[in-house]
Amino acid sequence: MPDVVAIDDPADPRIAAYGAMRERDLIGRAGRFVVEGEVTLRIALSARSRFSLDSILLLPERVEGLTGAIAALPAPPPVYVASRAVMSAIAGFPIHRGVLAVGVAGPAPDPEASIPPAPAGALVVGLLGLTNHDNVGAIFRNAAAFGVDAVLRDAATCDPLYRKAIRVSAGAALIVPSARVADGHALLDLAERHHLVPLAMTPRGRTDLDRLDHVPRALLLLGTEGPGLAPEVMARARTLRIAMAPGFDSLNVATAGAIALHHLAGRSRAMRDNRWQLSHTQA
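Please read these numbers as outputs of a predicted model, since none were measured by experiment. Here the residue numbering is sequential within each chain, running from 1 through the sequence in written order. Per-residue local features of the predicted model are confined to residues with pLDDT of at least 70, and side-chain atom pairs are confined, for both listing and counting, to 80 or more; whole-chain, interface and lining totals are unaffected and use all residues. The side-chain figures draw on all heavy atoms in the structure; neither hydrogens nor water molecules are used.

Which residues make up the overall build of the protein, and what values do they have?
Secondary structure follows DSSP: runs of H or I at least 4 residues long count as helices, runs of E at least 2 residues long count as strands, and numbering of each begins at the N terminus. Scanning the protein from N- to C-terminus turns up 9 helices and 12 strands. Overall, the C-alpha framework of the protein stretches about 60 × 50 × 35 Å when taken along its three principal axes. Per-residue burial for the protein yields a buried fraction of 47% across its 283 residues. Counting only contacts in the protein whose residues sit at least 6 apart along the sequence, the fraction spanning at least 24 positions is 77%. Reported accessibility uses the Shrake-Rupley method at a 1.4 Å probe radius. Residues are deemed covered only where the shown protein chains occlude them. Only carbon and sulfur atoms are counted for the fraction: they give 55% of the accessible area of the protein, which is about 13,600 Å². Partly exposed residues are those whose accessible area sits between 20% and 50% of the maximum for their type, while under 20% is buried and over 50% is exposed, using a 1.4 Å probe and protein chains only. By definition, residues are in contact when any of their heavy atoms lie within 4.5 Å.

Set out below in structure tokens:
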């Protein structure tokens, strides 16, 4: 465990990365991101996290409960401690949770490298034009819950390492592999190279989700609420819809994605279970 350094001055250069957090959420942090809250910090400190931490900033009363998780790192980052008033002055708004950290995004990952090679099963989510950080965070949480291999996003989709997206994802944005592609056509070209079947969610889909046969290698495409996926993207995919009550055909994109992922992941589990039972019956 490194020494805990007390911070008394909000202008201390050692904690400059935490300054004016809301403003920096809008303009970016030059390869850094902020983790907020104990749940997400514990994931950032775990072996599952894809990122390293530059530093940690805590209220004094939060240090003891996090000491074990921080000390377990091979090379713990600097740990700074500040009073609530100083911490709030640093951040630029009232701090309640008292747990912050700055992470390092690192080099942009290769989207090709995040997809399991054929013929193994694969479940990938593609996000096109999603600009709401709550929705993106929720989709990453769903992706972690249903064992998605990767989340790929186009240039118009917001960064899952935005502070609020990480918090809404319950830390899943730190562990689910993710990469950026140029646009929908680049994503579909990638799917073709990797033998992924593109499945486009839309209220006007040709196939009800519950009637979809098992797809061993799938790319689930989710578009922004309102306009949805572009017609030229849907023209290159199998379009799916979720059956709903008459007179209403709209779900939040994260909710629709969760239902679709539950169906796709459940079919994959059922196929694996059936193969296991068959092999043991024959034995």
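That was the structure; now back to the text.
Just give me the short version of the pairing of strand S12 (residues 238-241), but keep the residues and values in it.
One bridge is not enough; two strands pair if DSSP finds at least two bridges between them. In the sheet, strand S9 (residues 197-201) pairs with S12 via 3 bridges, with the strands oriented parallel. Residue pairing in the sheet places Leu199 in a bridge with Arg238 of S12. Relative to S12, strand S10 (residues 207-208) is paired through 2 bridges, and the arrangement is parallel. Of the residues in S12, the one forming a bridge with Asp208 is Arg241.

Summarise the nonpolar core; cite the residues concerned and give the values.
By nonpolar core we mean a set of buried residues, namely Ala, Val, Leu, Ile, Met, Phe, Trp, Tyr and Cys, connected to one another through side-chain atoms within 4.5 Å. Counting residues in hydrophobic clusters, the biggest one holds 51 residues, and the most contacted among them are Leu41, Ile56, Leu58 and Leu174. Looking at this core element by element, the count peaks at 7 residues for helix H9 (residues 253-282). Beyond its immediate chain neighbours, meaning those up to four positions away, Leu41 contacts Val35, Leu53, Ile56, Leu58, Leu66, Val99 and Ala101. Of all hydrophobic cores here, the second largest spans 19 residues; its members include Val181, Ala191, Leu221 and Val233.

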